[in-house]
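Residue-level listing of the chains:
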Amino acid sequence: MIAPHVALALVRLCFDAAAIAACGVSGFIAWIAPNRLGLAIAASSNFLIVAASSLAVLSTLAWLPIEAAMIGDSWQSAVDRSTLSVILCDTAIGKAWLVRLALSLLLMAALPWRSGSIVRWALSGFLLTSLALTGHADMDEGTRGVLHILNDALHVLAGGAWLGSLLVLPGCLARLRDPAFCTDAKSALRRFSSAGHLAVALVIATGIINTVLVLRRWPTDFTSTYQMLLATKVAFVAGMTGLALMNRYIFVPRMLTQPDRAIIQIRNGTYAELALGAGVLALVAFLGILDPT
Ligand code: HEM
């Protein structure tokens, strides 16, 4: 049987991945892709939305008993009524869990609504920001506490917009070759580039502020597991940023002279960014439950 803290990290990973996928994909469809292209991408990425919404509900349902097992330091506490009701009624974790349960069920209920991307984007955006209500963002008090929560919320939203929207970028790139969608796909890529610059800048700025607020120093002491994982995360994000810059400033201009080659290079760069992004989420899942000191 795995230890409760490992199960908690895994459930956090599933929840983060589900909320980020739902937020990024529906945000791309609602705000980046022009109407007709948005509908086409929505149809082809329906399985992603269904999978993300289902995973959001399942990981939320699993979260509460696992949290109880963590607190009670045994799997028996996962089904212990009094532990569960104390968490639900008396802790911020319990209240955040209720909010997450309501939001993830609404996300699920919105599944049959084909053109509901804006609603899905808003619901999954709130799901993501609910992360800021628990964990290390909740450790400060007063004005500093409010600023920490707001900064964390902005951090996960910007990170979700960047990483989640990469999931549908290859589909958009493929449509550059389709005369029926070529103009729309070009305009989506232009919008994606502007919004992408903003999301990357925001995630880095809020990430630095998060580091200062949680750690009160730079993560350079590798005898601390927290600092080592955080430094690894920063290295992964640096890799993602390098790939994004290479796509934007080397391969996109190449589309004028060698379009087929450039599209393949941008697509491969996007897959590499997604792989690093998955690593970032795995690290964050553990960071949230480790002691930063
Ligand atoms: C693709 C880029 C990134 C993504 C997707 C991302 C995602 C996340 C997520 C989902 C959380 C968890 C929030 C929570 O559970 O409350 C988080 C927390 C955090 N992130 Fe990032 N992040 C990114 C980049 C960065 C960067 C560049 C830094 C530092 C310069 C950074 C520093 C932090 C810190 C310190 C935390 C708090 C961890 C804790 O709870 O102890 N992040 N990030």
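Residues numbered from 1 in each chain as written. Predicted model: local features only at pLDDT ≥ 70, side-chain atom pairs only at ≥ 80, totals over all residues. Heavy atoms only, no water.

Colleague: Mind showing me how you'd approach the site of the ligand here?
Modeller: The ligand sits among 24 residues. The nearest are His-136, Asp-152, His-155, Tyr-226 and Lys-233. Note that a nitrogen atom of the ligand is positioned 2.5 Å from one of the side-chain N or O atoms of Lys-233. Placement of the ligand is best described as lying within the second largest pocket. Elements that contribute at least two residues to the shell around the ligand include exactly helix H1 (4–32), helix H7 (142–165), helix H9 (182–215), helix H10 (225–254) and helix H11 (259–287). In terms of residue count, the dominant contributor to the shell around the ligand is H10 (six residues). Here the shell around the ligand is built from residues that sort into 13 nonpolar, seven polar and four charged. (Near = heavy atom within 4 Å. Polar contact = N/O pair within 3.5 Å; in protein donor to acceptor, adjacent residues only side chain to side chain. 1 Å grid on protein atoms, 1.4 Å probe; cavity = no way out; pocket = protein on both sides within 12 Å on 5 of 7 lines; lining within 4 Å. Sits in = over half its atoms within 2 Å of the grid points. Helix = DSSP H or I, 4+ residues; strand = E, 2+ residues; numbered from the N terminus. Nonpolar A, V, L, I, M, F, W, Y, C, P; charged D, E, K, R; others polar.)

Colleague: Where do I start with a nonpolar patch on the surface in this structure?
Modeller: A contiguous nonpolar patch, built from Ile-204, Ile-208, Val-212 and Trp-218 and spanning about 370 Å² of accessible area, is present on the exposed surface. Here Val-212 lies in helix H9. Given a relative accessible area of 39%, Val-212 falls into the partly exposed group. (Patch = residues over 30% accessible without salt bridge, like charges linked within 9 Å, V, L, I, M, F, W, Y side chains within 5 Å. Areas by Shrake-Rupley, 256 points an atom, 1.4 Å probe, with all protein chains shown as cover. Salt bridge = Lys/Arg side-chain N within 4 Å of Asp/Glu carboxyl O. Buried < 20%, exposed > 50% of the residue type's maximum accessible area, 1.4 Å probe, protein only.)

Colleague: Where do I start with the packing of H1 against H11 in this structure?
Modeller: The description of two packed helices rests on the angle between their axes and on the distance between the axes. Close contact between H1 and H11 brings their axes to 8 Å; oriented N to C, the two are set at 130 degrees. Regarding the angle of H1 to H11, the classification is oblique. In the packing of H1 onto H11, the handedness of the crossing is right-handed. Taking contact as the criterion, the partners of Ala-9, Arg-12, Leu-13, Asp-16, Ala-17 and Ile-20 in H1 are, on H11, Leu-281, Ala-282, Val-284, Ala-285 and Phe-286. For the contact of H1 with H11, the class distribution of residues is nine nonpolar, no polar and two charged. (Axes fitted to C-alpha atoms, helices over the stretch in contact; angles between N-to-C directions. Parallel < 35°, antiparallel > 145°, perpendicular 65-115°, else oblique. Left-handed = near helix turned anticlockwise from the far one by under 90°. Contact = heavy atoms within 4.5 Å.)

Colleague: What is the right way to read the coordination of the iron atom of the ligand from this model?
Modeller: When a metal holds four donors in a tetrahedron, each ideal angle between them is 109.5 degrees; when it holds six in an octahedron, the ideal angles are 90 or 180 degrees. Surrounding the iron atom of the ligand are the protein donor atoms His-155 (NE2) and Lys-233 (NZ), at 1.7 to 2.0 Å. Geometry at the iron atom of the ligand is octahedral, judged from its six donor atoms and the angles of 84 to 179 degrees they form at the metal. With His-155 in helix H7 and Lys-233 in helix H10, this residue pair connects regions lying 78 residues apart in the sequence. The exposure class of His-155 is buried, given its relative accessible area of 13%. (Donors = N, O, S within 2.8 Å, 3.2 Å for Na, K, Ca; no water. Tetrahedral: all angles 85-135°; square planar, octahedral: opposite > 155°, others 65-115°.)

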